[in-house]
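Observations on the three-dimensional arrangement
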Amino acid sequence: MKIGTLASHSALNIISGAKAEGFETELYCTPERIPFYKSFGMEDSIVEVPSFDAILEMDLSDVIIIPHGSFVAYIGSERILNSNLRIFGSKELLRWEEDRKLKSLLMKEAGLRVPKEFEKLDDVNTPVIVKSDGAAGGEGYFIAADKEEIEAKLDSVKGYTFQEYIVGTKVFTTYFNSLAKDRLEVFGADIRYETDADANLRFDDKPSFVVVGNLPLVLRESTLAQYYDMGVGFIDAFKRKTGQNLAGPFCIETIIDKNQDIYTFEFSGRIVAGTNVWMPSSPYSFVTFGEDMWMGKRIAREIRDLHETGRLDDVLR
Ligand code: AMP
Ligand code: AMP
């Protein structure tokens, strides 16, 4: 049994963690990225592929695949969901995440406060962020003060969602739901830093939200306790809606406004790149384990624990 992933996004995190837990690893790497990953001493893991989607054609029946942000970006959710890949986590959650309507339903079911969404342009009565369907990484989004500004910036409103624009601090909180230990762990928080939205000096009226990287964030402990409750609400809601247990890492993506109200605008049902800031440990994972524990290692530890108790198949669907 090996652990494998695509050479991108959080691969250093995942592969180093799997190695630390004693697993053999496979890193599917396109030719131009090989020198980069070799420079970290990962040559024994590298499996050269002509393109990332080539993994769909390979026999990977002895490999547990850890999905990350590049899987959907470079392969597409449809092909992943229909594949025979043995994916750690829940394919069902990926389905809910893909569909804007289901996504919003799950966030509401979890009792999270979500920004208002307007079905029709005429209903818009507050500043909004305009999101194009299927946009990745915040590309193609823009903000508008009112309905008139949207009209001035868009030829056609088809394929766009209008969401209440929340002013505040972006907080991305990652969790690990452990079936082996039967507990939810708050793993860490970060701020996603985006250009141009987070630049201090701006001379354009259409700032983009393209992610550049992540900054570590340690929350007020009382706020963290609120996030813990939100995480519990989320896994309970998923269970109610699908009958399945949510396994492994997920992230709730929020903005905290000046009244300390927490608005959730998005979630991810897999490892997020923000966990890269918490190698070799986050303060919380260190408290939980009394040793260094980063997300890639946490995933590998869970796989081993479940394997030892014969429950691994519960998380490979
Ligand atoms: P890349 O490896 O930079 O080509 O990114 C692959 C996919 O992961 C793209 O859809 C990116 O938008 C997404 N991605 C990469 N890094 C991050 C990050 N730090 N936060 C959020 N998304 C990311
Ligand atoms: P998303 O593609 O939904 O993850 O959003 C990309 C970025 O757009 C986020 O990281 C935020 O900076 C910004 N954003 C998304 N939704 C909102 C909102 N309702 N209010 C303010 N900013 C938002």
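Note that the structure is a prediction, hence the values are computed from the model and not measured.

**Some remarks on the domain arrangement of the protein chain**
If you check the domain split of the protein chain, you get domain 1 (2–113 + 167–315) and domain 2 (119–164). For domain 1 and domain 2, the distance between their C-alpha centroids amounts to 28 Å. At the interface, eight residues of domain 1 touch 14 residues of domain 2. In total, domain 1 and domain 2 occlude about 980 Å² of area from one another, counting both sides; carbon and sulfur atoms represent 53% of this.

**Regarding unusual backbone geometry**
With an omega of 5 degrees, the peptide bond between T195 and D196 qualifies as cis. Among the structural elements, D196 can be located in strand β10 (residues 183–196). Cis geometry is adopted by the peptide bond preceding P280, which originates at M279 and carries an omega value of 5 degrees. For P280, the location among the structural elements is in the loop between β13 (262–268) and α9 (283–289). The residue H9 is not glycine, and still its phi comes out positive at about 60 degrees. Mapped onto the fold, H9 is located in the loop between β1 (2–6) and α1 (11–20). A relative accessible area of 30% means that H9 is categorised as partly exposed. In this structure, Q260 is a non-glycine residue whose phi angle is positive, near 65 degrees.

**Details of the pattern of salt bridges**
Under the defined criterion, the tally for this structure stands at 26 salt bridges. The shortest N-O distance in the salt bridge between K241 and E109 comes to 3.8 Å. Here K241, found in helix α8 (residues 221–242), pairs with E109, found in helix α6 (residues 100–109); they are 132 residues apart in sequence, far enough to count as distant. What makes K241 partly exposed here is its relative accessible area of 36%. One continuous salt-bridge network, built from bridges that share partners, spans E21, E291, K297, R301, R304 and E308.

**Description of the packing of aromatic side chains**
In the structure shown here, the tally under the stated rule is seven aromatic pairs. When the ring of F36 is compared with that of F40, the centres are 5.2 Å apart and the planes differ by 80 degrees; the resulting orientation is edge-to-face. Classification of F36 by relative accessible area gives partly exposed; the value is 43%. For the ring pair F52 and Y74, a centre distance of 5.4 Å and an interplane angle of 55 degrees mean the geometry is tilted. On the criterion of sequence distance, the pair formed by F52 in the loop between β3 (46–48) and β4 (63–65) and Y74 in helix α3 (residues 69–74) is long-range, its members being 22 residues apart. Assessed through its relative accessible area of 6%, F52 is described here as buried. Owing to a relative accessible area of 45%, Y74 belongs among the partly exposed residues under this scheme. Taken together through their ring pairs, the aromatic side chains of Y175, F234, F250 and F267 make up a single cluster. Of note, R183 hangs over the ring of F289, and the distance from its end group to the ring centre comes to 5.5 Å.

**Remarks on the environment of I299**
Here I299 lies in helix α10 (residues 295–308). Given a relative accessible area of 2%, I299 falls into the buried group. For I299, the contacting residues outside a window of four places in its chain are I66, F88, F176, P249 and I271.

Procedures and definitions
Residues numbered from 1 in each chain as written. Chains lettered and ligands numbered in written order. Predicted model: local features only at pLDDT ≥ 70, side-chain atom pairs only at ≥ 80, totals over all residues. Heavy atoms only, no water. Domains from an automatic or database assignment. Contact = heavy atoms within 4.5 Å. Buried area = accessible area lost by both parts, 1.4 Å probe. Helix = DSSP H or I, 4+ residues; strand = E, 2+ residues; numbered from the N terminus. Buried < 20%, exposed > 50% of the residue type's maximum accessible area, 1.4 Å probe, protein only. Salt bridge = Lys/Arg side-chain N within 4 Å of Asp/Glu carboxyl O. Phe/Tyr/Trp six-rings, centres within 6.5 Å; stacked < 30°, edge-to-face > 60°. Lys NZ or Arg CZ within 6 Å of the ring centre and 35° of its normal.

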